[in-house]
Amino acid sequence: MSKIDVKKIDVFTVNPFSGNPAGVITAADGLSSDDMQRIAEVLNLAECAFVQTGGGSGSEFRVRFFTQSTELDLSSHALIASCFGIIEEGRLPLKHGVTSVQFDTMIGGVPLDIHFDSDAEKGGAEGSGEGVQVACKDGTSGMLRRIMTHQKRDDIRVADIPVATLAGILGVDEHEIRGTGLPLEILTHGLKQLIIPIIHRDTLMNMKPDLIKLNLLNRKYDIQTNDIFTLEPVSDDASVYSRTFSPAIGLWEEVGSGSGCGSIGAYLVRHGVLNPGAIIVEQGTDLDCLARVHVEIDEIQGSHISLRIGGLAVTSIVQNVNFEEGSITIC
């Protein structure tokens, strides 16, 4: 019998059992694709990440992502969880300020920026604020401020979906969509993401879509996620409140969709609603533990949008995966 550790890491939060959870195996060398898929099924989490040493483009680590039924090219929150898991184990040396690394994925190398205040440095640029205390094997310790992944959006198109039909499936008055004056658009980053504006936060927070009909609609228009937002956030320092529904890929609702929040931010900057820079997108329905996704957007040039998305993370559970005579158990 062989054993490997699996961490349940909650992303876009500093509070265990909130944010967006991901299963992370930080020592996945030697696991086959079938092993990874079976582990993801047994763990029964929305997404699991498997970290292997070595990768293309000079990356020190390669990460693969699985739902309970399929492999994904990329999962932003599971990538951040993977990076945090490695940092937590002291396997990534960090410097005061920003440490830039690259992880290999199915879509190639993905750069990440790790913002860190070393205990050895005083009065750093980040100053005080939200963070997680971490220690590296080289003796460096300090406060992790956020992990940001670099992404792009350059495939954007208007969604030719009847607003009345969509509003009916979402269970809202169609004026809640039309009244924003903003279009329905599809942005692609690994997944095709439908961006849906809503006027009021209460409408979005109380929304109960017909997920079976939404699944059928998504399949008809080749859409994987529905990223719905309002410009009425909960917290004073946030700009956007959102929810993400993804029945077409087996995720009924995702709390803390990094890719979705990044696309919402890109959409809003592209349409001149928000200025380029840093914004916070809140997500979820529990007001006491909303996910907080940081989105940083550079100046937009035409249809090409460069952005960074991320936040913080915390490990809530560590379990063992046992392999014995072809079976997999969690304990």
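Structural data are supplied above this passage.
Here is a short report on the structure shown in this document.

Criteria and thresholds
- Residues numbered from 1 in each chain as written.
- Predicted model: local features only at pLDDT ≥ 70, side-chain atom pairs only at ≥ 80, totals over all residues.
- Heavy atoms only, no water.
- Helix = DSSP H or I, 4+ residues; strand = E, 2+ residues; numbered from the N terminus.
- Buried < 20%, exposed > 50% of the residue type's maximum accessible area, 1.4 Å probe, protein only.
- Contact = heavy atoms within 4.5 Å.
- Pairing = 2+ DSSP bridges.
- Core = buried A, V, L, I, M, F, W, Y, C linked by side-chain atoms within 4.5 Å.

1. Points about the side chain of R308
Structurally, the position occupied by R308 is in strand β18 (residues 305–311). On the basis of relative accessibility, which here comes to 17%, the residue R308 falls in the buried class. Apart from the residues lying within four places of it in its own chain, the contact partners of R308 are D113, M148, T149, H150, H294, V295, E296 and D298.

2. Some points on the pairing of strand β4 (residues 61–66)
Among the six residues that make up β4, five are buried, leaving the element largely enclosed by the rest of the structure. The pairing of strand β3 (residues 48–53) with β4 spans six bridges and is antiparallel. Paired with C48 across the two strands is F66, which belongs to β4. Both β4 and strand β6 (residues 97–105) contribute to a ladder of two bridges, which runs parallel. The residue of β6 that forms the bridge with F61 is F103.

3. Focus: unusual backbone geometry
Most peptide bonds adopt trans geometry, and most residues besides glycine take a negative phi value. We note that F12 has phi near 70°; this positive angle belongs to a residue other than glycine. Relative to the assigned elements, F12 resides in the loop between β1 (2–11) and β2 (20–25). Phi is positive for D222, close to 55°, though the residue is something other than glycine. Summarising the element assignment, D222 is placed in the loop between α6 (211–220) and β13 (225–230).

4. Side note on the nonpolar core
Ranked by size, the top nonpolar core spans 57 residues in total, and within it I87, L92, F103 and V295 carry the most contacts. Ranked by residues supplied to this core, first place goes to helix α2 (residues 76–88) with eight residues. Not counting residues within four places of it along the chain, the set of residues in contact with I87 comprises L92, L94, I114, V134, A135, L144 and I147. Membership of the second largest hydrophobic core comes to 24 residues, among which are I161, A167, L194 and I196.

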